[in-house]
Amino acid sequence: MNLIRRKSEKYLFYEALERRLVNVSTIKNTLQETLRKEGGGYAGELRVDREIEESDFFTSYILMKGLIVGNSTSYAQIDTFIIHEKFLLIIEVKNLPGIIKLDNQLHQITRQRDNGPVEGMRNPEDQLLRSERFVRKFLSFHNIPMPVHGLIVFSNPSSVLEKPFSKKSAIHVSGLHQTLESLHLMYADHLYPKFEPRRIQLLFTQHEFELNPYKPSHILSKINTEILQGVLCPQCINKVLIYRNKFWRCNQCNYKNAEEHRQALKEYRSLFSHKVTTKEWMKFSGIKSVSTASRMLQKSNLFVDGTFKNRTYVIPRDI
Ligand SMILES: [Zn+2]
């Protein structure tokens, strides 16, 4: 489902790492910098969601978040995808505080913050045009002649765009409502053909696939032995819970929960693998009984892969 805004795989990876690194010093800077960046991006996307959801037009939309269009070798991930009965709108959300300059020759933008260093990054126009190409190709393959629009939205109030982009329009999130208004005005004429938004949504959803979790091997190889194993207490730092009488229990703060292994499975997926066997789960969770461990996995809404003897459980994103 794309109706909820999910965190990126990269963000989930670093969040899980922050929680489980016994000694963060080796990659402390990368960890903090990435969490700040990914956290900012996620907050920006939520801000854009809010702006759309609070607008007068929202009831006429289906809003898809983080939609993937294409196939596993070549695809585009669309931050925000609006389906209206007369048009589609792709929104590329950028959370970039600072002064943003455009370099058309190098196809990149530079950003400078508080007189700090100048950073180069991919031009969001190119990203947006690429997403549009994927969507148009998909629509034409399915014989749907629906108009596609694209918009870059800067979600950070302190972004300053030096001059307008040449190919696509870019606005601040505060101007989003007005932009949507003009788009609706443009399509007000009853002569424009209408499509069934639910059908369009279903078609995109049916052809979507799940991305593999983010696994930066250069980082993992450096810190693999420093990652804390086990089901962790949400109230204590670096405290491993013990499973006794159907509950995970903390002997430090007396926290007790029957389902705490779900969070651990989520983190296992982000840090190690999206597949787990009963044996691997026993090793990670510290559960000694094969039947308890396998019953727990069976009840956790995981997909089962393989026959009984070599059974592997696939941990989904939204466990
Ligand atoms: Zn505790």
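Reading the values: rules and limits
- Residues numbered from 1 in each chain as written.
- Predicted model: local features only at pLDDT ≥ 70, side-chain atom pairs only at ≥ 80, totals over all residues.
- Helix = DSSP H or I, 4+ residues; strand = E, 2+ residues; numbered from the N terminus.
- Contact = placed C-beta atoms within 7 Å.
- Pairing = 2+ DSSP bridges.
- Axes fitted to C-alpha atoms, helices over the stretch in contact; angles between N-to-C directions.
- Parallel < 35°, antiparallel > 145°, perpendicular 65-115°, else oblique.
- Left-handed = near helix turned anticlockwise from the far one by under 90°.
- Core = buried A, V, L, I, M, F, W, Y, C linked by C-beta atoms within 7 Å.
- Buried ≥ 20, exposed ≤ 12 C-beta atoms within 10 Å, placed from the backbone.
- pLDDT = per-residue confidence, 0-100.
- Domains from an automatic or database assignment.
- Nonpolar A, V, L, I, M, F, W, Y, C, P; charged D, E, K, R; others polar.
- Expected span 1.5 Å × (residues − 1).

Asks: Would you mind showing me how to read the environment of I27 here?
Replies: Topologically, I27 is positioned in the loop between α1 (9-20) and α2 (28-53). Placed 210 residues apart in sequence, I27 and I237 show a C-alpha to C-alpha distance of 19 Å. Not counting chain neighbours up to four residues away, the residues in contact with I27 comprise I219, K222 and I223.

Asks: Teacher, can you tell me more about the sheet that holds strand β11 (residues 247-249) here?
Replies: Through backbone hydrogen bonds, the strands of a sheet pair up, either in parallel or in antiparallel fashion. In spatial order, the strands read β10-β11-β12; together these 3 strands make up an open sheet with antiparallel pairing. Among the strands making up the open sheet, the edge pair consists of β10 (242-244) and β12 (256-257). Strand direction decides the pairing type here: β11 and β12, joined by 2 bridges, are antiparallel. The residue bridging R249 from the neighbouring strand is K256, located in β12.

Asks: Even after reading the chapter, I still don't get the packing of α1 against α2, so can you show me in this structure?
Replies: For any two helices packed against each other, the geometry comes down to the angle between their axes and how far apart the axes lie. Between α1 and α2, the shortest axis-to-axis distance is 9 Å and the interhelical angle comes to 135°. Classed by the angle they form, the pair α1 and α2 counts as oblique. Here the hand of the crossing between α1 and α2 comes out left-handed. Across the interface between the two elements, K10, Y11, Y14, E15, L17 and E18 from α1 touch L31, T34, L35, E38, G39 and Y42 from α2.

Asks: Can you walk me through the nonpolar core in this structure?
Replies: Generally speaking, nonpolar side chains in soluble globular proteins are found buried as a group. Ranked by size, the top nonpolar core spans 29 residues in total, and within it F81, I90, I91 and V153 carry the most contacts. Where this core is concerned, the elements lending two or more residues are α2, β1 (62-71), β2 (74-83), β3 (88-94), α3 (124-141), β7 (148-154) and α5 (197-206). Residues within four places of V153 in sequence aside, it is in contact with V48, I91, V93, I171, V173 and L176. Counting residues in hydrophobic clusters, the runner-up holds 18 residues, among them L232, L241, V276 and I315.

Asks: What should I look at first to understand the sheet that holds strand β9 (residues 170-172) in this one?
Replies: The 5 strands are arranged β1-β2-β3-β7-β9 in an open sheet whose pairing can be described as mixed. In this open sheet, the two edge strands, each paired with only one partner strand, are β1 and β9. In this sheet, adjacent strand axes meet at a mean angle of 40° when their direction is disregarded. On top of the sheet, α3 reaches β1, β2, β3 and β7; it is set at about 150° to β3, its chief contact. α5 contacts β1 and β2 of the sheet and is inclined by roughly 40° relative to β1.

Asks: Explain the confidence of the model for the protein chain here, please?
Replies: Detail in the predicted coordinates should be disregarded across regions flagged by low pLDDT. When pLDDT is averaged across the protein chain, the result is 91; 99% of the residues are at 70 or more. Within the protein chain, the element-level pLDDT minimum falls on helix α6 (residues 217-223), averaging 83, and the maximum on β11, averaging 98.

Asks: Please explain the pairing of β3 as it appears in this structure.
Replies: Of all 7 residues making up β3, 7 are buried, and the element is well covered by its neighbours. Taking every second residue as pointing to the same face, both faces of β3 are buried, with L88, I90, E92 and K94 on one and L89, I91 and V93 on the other. Where β2 lies against β3, 4 bridges are found, and the strand directions are antiparallel. For I83, the partnering residue across the bridge sits in β3 and is L88. Sheet topology places β3 next to β7; 7 bridges connect them, and they run parallel.

Asks: Please explain the pairing of β7 as it appears in this structure.
Replies: Two faces make up the sheet, and in a regular strand the side chains alternate between them. Judged by how many residues are buried, β7 sits mostly within the fold: 5 of 7 residues are covered. Pairing of β7 with β9 involves 3 bridges; the strand directions are parallel. In the sheet register, V153 faces β9, and the bridge partner there is I171.

Asks: Explain the domain arrangement of the protein chain here, please?
Replies: By a frequent convention, interface size equals the accessible area lost on bringing the separate parts together. Here the domain parsing of the protein chain yields domain 1 (9-206) and domain 2 (229-314). Each side of the interface is counted separately: domain 1 has 7 residues, and domain 2 has 5 residues. Classifying every residue of the side of domain 1 that touches domain 2 by side-chain character gives 5 nonpolar, no polar and 2 charged.

Asks: Just checking my understanding: could you explain the environment of P147 for this structure?
Replies: For P147, the location among the structural elements is in the loop between α3 and β7. Along the chain, P147 and S60 lie 87 residues apart, while their C-alpha atoms are 16 Å from each other.

Asks: Would you mind showing me how to read α1 here?
Replies: Side chains three or four residues apart in an α-helix point the same way, a direct result of the helix having 3.6 residues per turn. Look at α1: 16 Å from first C-alpha to last across 12 residues, which is about the 16 Å you get at 1.5 Å a residue. Listed in full, the buried residues belonging to α1 are L12, F13, Y14, A16, L17 and R20. The inward-facing, buried residues of α1 contact α2 and α7 (261-271).

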